[in-house]
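Listed below, chain by chain, are the residues.
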Amino acid sequence: MTSADLHPMATGHIPSYVTQADGSDFLFNFMVIFTVGLILLIGVAYFTLHSIPEKMAHENNHPQFQLVGILALLALFTHNGLFWVAAILVAGFQFPDFAAPLRAIADAIRSLAPGASPPPAEPEPEPTAPQGH
């Protein structure tokens, strides 16, 4: 533009954030793209955070894997942090097996009985051959 084309009251320098005469608005377009990207990033972070207990239980082959999954889903849908904390606690700790020592004590007492034979060992299941189609 030449100085003859400018309005006499116009300044010599117009900042880049001012809307152009053709209607294009760089700042608005940038903010729309930035906002949509930020919303997607926050959503991915939110779902990743809620899947942490399930990943922990899956990696450790936790016996209560389904319980952890249910608690994580409840936390996701109800926005109740208590369910998520419970899922983390269940996934992070293995509950002790209280029945195993009691079974060992019962087997030992049973073997002390006169004329009693020791309990039979549990047979191992034989692997089945995969059936091909």
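See above for the structure.
Read on for a plain summary of the structure. Values in this document were obtained by computation on a predicted structure and should not be read as measured data.

Moving on: the overall build of the chain. Within the chain one finds five helices and zero strands. What you see in the chain, going N to C, is helices and strands ordered as α-α-α-α-α. With 133 residues in all, the chain has 11% of them scored as buried. Long-range contacts, defined here as pairs at least 24 residues apart, represent 46% of the contacts in the chain between residues at least 6 apart.

Between helix H1 (residues 26-50) and helix H3 (residues 65-78), whose axes approach to 10 Å, the crossing angle comes to 145 degrees. Within the contact between the two elements, H1 uses Tyr-46, Phe-47 and His-50 and H3 uses Ala-72, Ala-75 and Leu-76. Partitioning the contact of H1 with H3 into residue classes produces five nonpolar, one polar and no charged.

In this section: the nonpolar core. By size, the foremost hydrophobic cluster in this structure holds six residues: Ala-57, Val-68, Leu-71, Ala-87, Val-90 and Ala-91. Among the secondary structure elements, those contributing two or more residues to this core are H3 and helix H4 (81-92). Considering each element in turn, this core owes the most residues, three residues, to H4. Here Leu-71 is in contact with Phe-83, Ala-86, Ala-87 and Val-90, once residues within four sequence places are set aside.

Assignment of secondary structure puts His-62 in the loop between helix H2 (52-59) and H3. Here the side chain of His-62 touches Gln-64 through a polar contact of 2.9 Å, landing on its backbone nitrogen. Other than its neighbours up to four places away in sequence, His-62 contacts Ala-57, Val-90, Ala-91, Phe-93 and Gln-94.

Taken N-terminus to C-terminus, the directions of H3 and H4 make an angle of 160 degrees; their axes are 8 Å apart at the nearest point. The orientation of H3 with respect to H4, classified from their angle, is roughly antiparallel. In this structure, H3 meets H4 at a crossing whose hand is left-handed. Contacts between H3 and H4 involve Leu-67, Val-68, Leu-71, Ala-72, Leu-74, Ala-75 and Thr-78 from the first element and Phe-83, Trp-84, Ala-86, Ala-87, Val-90 and Ala-91 from the second.

The full count for this structure, using the stated rule, is one salt bridge. A salt bridge links Arg-110 to Asp-107; its shortest N-O distance comes to 2.9 Å. Remark: Asp-107 and Arg-110 occur in helix H5 (residues 99-112); sequence separation between them is three residues, near one turn of the helix.

Cut-offs used in this document
Residues numbered from 1 in each chain as written. Predicted model: local features only at pLDDT ≥ 70, side-chain atom pairs only at ≥ 80, totals over all residues. Heavy atoms only, no water. Helix = DSSP H or I, 4+ residues; strand = E, 2+ residues; numbered from the N terminus. Buried < 20%, exposed > 50% of the residue type's maximum accessible area, 1.4 Å probe, protein only. Contact = heavy atoms within 4.5 Å. Axes fitted to C-alpha atoms, helices over the stretch in contact; angles between N-to-C directions. Nonpolar A, V, L, I, M, F, W, Y, C, P; charged D, E, K, R; others polar. Core = buried A, V, L, I, M, F, W, Y, C linked by side-chain atoms within 4.5 Å. Polar contact = N/O pair within 3.5 Å; in protein donor to acceptor, adjacent residues only side chain to side chain. Parallel < 35°, antiparallel > 145°, perpendicular 65-115°, else oblique. Left-handed = near helix turned anticlockwise from the far one by under 90°. Salt bridge = Lys/Arg side-chain N within 4 Å of Asp/Glu carboxyl O.

All we've got here are geometric facts, nothing functional implied.
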